[in-house]
Amino acid sequence: MRQLQLTKEEEKIFEGEMGDAPKLAIRLLYSLGELGEAERLIPIKSAHISGVSYKNVGEGGIQFLKKMMHKVSVPTSLNPLGFDIENGGPVDIDETFHKKQMEIIEIYQKMGVMNSFTCTPYYFYNEPSFGDHISWAESSAIIYVNSLIGARTNRESGPSAMASAIIGKTPDSGLHRDEGRKATVVVNVTEKLDYTRFAALGLFLGPKLNKNIPIIKGQKETKGIELKALSAALSAVSSIPMFHVDGITKETSLVSDSPETINVEKSDIDETISKNSAQEEPELIAIGCPHLSSEELDYVARLVKGKKKVGPDLFLFTSREVKAQSLESVKIIENFGGKVFSDTCMVVSPLSNKYSKTGTNSGKATFYLPLKGYGNQKVAFMGILDLLKWVIG
Ligand code: F3S
């Protein structure tokens, strides 16, 4: 007997009575549910789909999207694509890339997906609440919403989030249940960490944690943007879906009976940063992985206001909505000589069309940008104040 029980209505979809795309979608969810030992599918409040840039999707992905093309049944946001649709950039692209990218966007538009084009849809567009069951792809956002908001999603892929968006349901497994959200490792960090050192903590911890959810102790003064940096770095180097932070996040009572312990020393963070810092001068300073909040844009604007730009290019990445809400800061940054892009990012745009050496404060970008097929960049990983020293005259 099957473990996962479908309702009568779900059985009809499974047998193809509602069409081919819903049939494919529910069969995918069914397989994932069986793997995750779910007994049923549960309704979701929203979905978020990754796999948008033509750079990652490719021709095979376009064919898959065409097969899955069907109206979504819950609010569904979309990750960044390969360029800024309204303003162009961050680098020149060829005609084929542009055409194929717009074909992908058109498919998503026909499905009724929002034109959000951001990995931080939780600021605008798609804001989950505590306890909401959702089905999100984009690993950095998954960790953020599970950990900081207390919404519930497994680490979905682009296709599984799309399947859930079409059906409006997800398997009741893993992170949707209290048991799957328990910390099994206590991480003691005595040093007070800032944004970049939280990103470095993610790079250091991810491989050590394996799949274990950590509860981090010793960071009671932490801010949301610092935990966004941790979310992104952890998401790049591990398959961890969430973390707890003692005194900060909302589900710290969910701890297993006999957790292991990892102690993180200041030297562990120092070594992680120096190991990832290329010494050569970057050609580009790229900030905004994950996409910047208004608060972060304002911070950069305060740092460059009235100053003269020298040296490498300075690119910042955010969502359309955050950019629209922060016009004054955008103006200050652009008057300085920097550029603020929306819809895209340093990793999913074809950066290597122009650059080969990039400086960033993002742990996730530090992991992905050197990889062939992602950026092929030499990366200098450092804090925002050190990055801006390259460009402030
Ligand atoms: Fe977002 Fe691109 Fe980084 S999608 S998390 S800015 S790699």
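Thresholds applied
- Residues numbered from 1 in each chain as written.
- Predicted model: local features only at pLDDT ≥ 70, side-chain atom pairs only at ≥ 80, totals over all residues.
- Heavy atoms only, no water.
- Helix = DSSP H or I, 4+ residues; strand = E, 2+ residues; numbered from the N terminus.
- Expected span 1.5 Å × (residues − 1).
- Buried < 20%, exposed > 50% of the residue type's maximum accessible area, 1.4 Å probe, protein only.
- Axes fitted to C-alpha atoms, helices over the stretch in contact; angles between N-to-C directions.
- Parallel < 35°, antiparallel > 145°, perpendicular 65-115°, else oblique.
- Left-handed = near helix turned anticlockwise from the far one by under 90°.
- Contact = heavy atoms within 4.5 Å.
- Nonpolar A, V, L, I, M, F, W, Y, C, P; charged D, E, K, R; others polar.
- Phe/Tyr/Trp six-rings, centres within 6.5 Å; stacked < 30°, edge-to-face > 60°.
- Pairing = 2+ DSSP bridges.
- Near = heavy atom within 4 Å.
- Domains from an automatic or database assignment.
- Buried area = accessible area lost by both parts, 1.4 Å probe.
- Salt bridge = Lys/Arg side-chain N within 4 Å of Asp/Glu carboxyl O.
- Core = buried A, V, L, I, M, F, W, Y, C linked by side-chain atoms within 4.5 Å.
- Patch = residues over 30% accessible without salt bridge, like charges linked within 9 Å, V, L, I, M, F, W, Y side chains within 5 Å.
- Areas by Shrake-Rupley, 256 points an atom, 1.4 Å probe, with all protein chains shown as cover.
- Right-handed = clockwise from strand over helix to strand, strands pointing away.

K.L.:
What should I look at first to understand helix α8 (residues 224–237) in this one?
P.N.:
Two residues of an α-helix separated by three or four positions point the same way, owing to the 3.6 residues in each turn. Taking 1.5 Å per residue, 14 residues should reach 20 Å; α8 reaches 20 Å between its end C-alpha atoms and fits that length. Burial analysis of α8 places twelve of its 14 residues in the buried class, which makes it a mostly covered element. Restricting attention to buried positions, one finds in α8 the residues Ile 225, Glu 226, Leu 227, Lys 228, Ala 229, Leu 230, Ser 231, Ala 232, Ala 233, Leu 234, Ser 235 and Ala 236.

K.L.:
Looking at this structure, how should I read the packing of helix α3 (residues 54–68) against helix α4 (residues 95–111)?
P.N.:
Axis separation between α3 and α4 bottoms out at 10 Å; the angle between their running directions is 40°. Considering their axes alone, α3 and α4 lie oblique with respect to each other. Regarding α3 and α4, the two cross each other, and that crossing is left-handed. Contacts from Tyr 54, Lys 55, Val 57, Glu 59, Ile 62, Leu 65, Lys 66 and Met 68 in α3 reach Phe 97, Lys 100, Gln 101, Glu 103, Ile 104, Ile 107, Tyr 108 and Met 111 in α4. Its residues placed into classes, the contact of α3 with α4 shows ten nonpolar, one polar and five charged.

K.L.:
Any chance you could explain the packing of aromatic side chains here in plain terms?
P.N.:
Ring pairs (aromatic) are described by centroid distance and by the angle formed between their planes. The full count for this structure, using the stated rule, is ten aromatic pairs. Consider the rings of Phe 315 and Tyr 355, whose centres lie 5.9 Å apart with planes at 85°: the pair is edge-to-face. In this pair, Phe 315 is assigned in strand β11 (residues 313–318) and Tyr 355 in the loop between β12 (339–342) and β13 (357–360), connecting sequence segments 40 residues apart. Side by side, Phe 315 and Tyr 355 carry an identical accessibility label, which is buried.

K.L.:
What is the right way to read the sheet that holds strand β3 (residues 76–78) from this model?
P.N.:
Through backbone hydrogen bonds, the strands of a sheet pair up, either in parallel or in antiparallel fashion. Strands sit in the order β3-β2-β4 across an open sheet of three strands; the sheet is parallel. Of all the strands in the sheet, the pair left with one neighbour each is β3 and β4 (135–136). As paired strands, strand β2 (residues 47–49) and β4 are joined by two bridges and run parallel to one another. Bridge pairing in β4 places Ala 47 opposite Ser 135. Relative to β2, helix α6 (residues 158–167) is tilted by about 145°, and along the sheet it contacts β2, β3 and β4.

K.L.:
It is not clear to me how the site of the ligand should be interpreted in this structure. Could you clarify?
P.N.:
As a structural note, the neighbourhood of the ligand is formed by Pro 80, Cys 119, Glu 138, Ser 140, Gly 288, Cys 289, Pro 290, Cys 345, Val 347 and Lys 364. Considered class by class, the residues forming the shell around the ligand number six nonpolar, two polar and two charged. There are two domains that each give the shell around the ligand at least three residues, and those are domain 1 (8–176) and domain 3 (277–388).

K.L.:
Any chance you could explain helix α7 (residues 195–209) here in plain terms?
P.N.:
The end-to-end C-alpha distance of α7, which contains 15 residues, comes to 20 Å, matching closely the 21 Å that a straight helix rising 1.5 Å per residue would cover. Across the 15 residues of α7, 13 count as buried, placing the element largely inside the fold. Note on α7: the residue one or two positions beyond its end, Asn 210, has a positive phi of about 55°.

K.L.:
Help me understand the domain arrangement of the chain, please; the structure alone is not making it clear to me.
P.N.:
How big an interface is tends to be expressed through the accessible area that disappears when the partners come together. Domain annotation of the chain identifies domain 1 (8–176), domain 2 (179–273) and domain 3 (277–388). Across the boundary between the two partners, domain 1 contributes 20 residues, which contact 19 residues of domain 2. Across the domain 1 to domain 2 interface the summed buried area is about 1,500 Å²; carbon plus sulfur atoms make up 59%. Scanning the region where domain 1 abuts domain 2 turns up one salt bridge. Its salt-bridge partner being Arg 152, residue Glu 251 comes within 3.2 Å of it at the nearest N-O pair.

K.L.:
Looking at this model, I keep getting lost on the pattern of salt bridges. Mind explaining?
P.N.:
Using the criterion set out here, one finds 24 salt bridges in the structure. Across the pair Lys 169 and Glu 10 runs a salt bridge, and its minimum N-O distance is 2.7 Å. Remark: Glu 10 occurs in helix α1 (residues 8–14) and Lys 169 occurs in strand β5 (residues 169–171); sequence separation between them is 159 residues. With relative accessibility at 3%, the residue Glu 10 sits in the buried group. Salt-bridge contacts for Glu 59 lead to Lys 100; the nearest nitrogen and oxygen are separated by 3.0 Å. Of this pair, Glu 59 sits in helix α3 while Lys 100 is found in helix α4, placing the two residues 41 residues apart along the sequence. When its relative accessible area of 35% is taken as the criterion, Glu 59 is described as partly exposed. Salt bridges linked by common partners bring Glu 59, Lys 66, Lys 100 and Glu 103 together as one network.

K.L.:
Sorry, what's going on with the nonpolar core here?
P.N.:
In summary, soluble globular proteins display a tendency toward joint burial of nonpolar side chains. With 39 residues, the main nonpolar core has Tyr 108, Met 111 and Met 162 as its most contacted residues. Counting only elements with at least two residues in this core, the list comes to α1, α2 (20–35), β2, α3, α4 and α6. Ignoring anything within four residues of it in the chain, the contact list for Met 111 reads Met 68, Met 69, His 70, Lys 71, Val 72, Met 162 and Ile 166. Ranked by size, the runner-up nonpolar core spans 38 residues in total, among them Tyr 122, Trp 136, Phe 204 and Leu 209.

K.L.:
Mind showing me how you'd approach a nonpolar patch on the surface here?
P.N.:
A contiguous nonpolar patch, built from Phe 367, Leu 371 and Tyr 374 and spanning about 230 Å² of accessible area, is present on the exposed surface. Among the secondary structure elements, Tyr 374 is positioned in the loop between α13 (363–368) and β14 (378–381).

K.L.:
Just checking my understanding: could you explain the pairing of β11 for this structure?
P.N.:
As a general feature of sheets, a regular strand has side chains that alternate between the two faces. Among the six residues in β11, five count as buried, and that is most of the element. One ladder, built from five bridges, connects strand β10 (residues 284–292) with β11; its direction is parallel. Across the sheet, residue Leu 292 finds its bridge partner in β11, namely Thr 318. As for the winding sense of the linkage, the β-α-β connection from β10 through helix α10 (residues 294–304) to β11 is right-handed. The sheet contact formed by β11 and β12 spans four bridges and is parallel. By the bridge assignment, Phe 315 is partnered in β12 with Lys 339.

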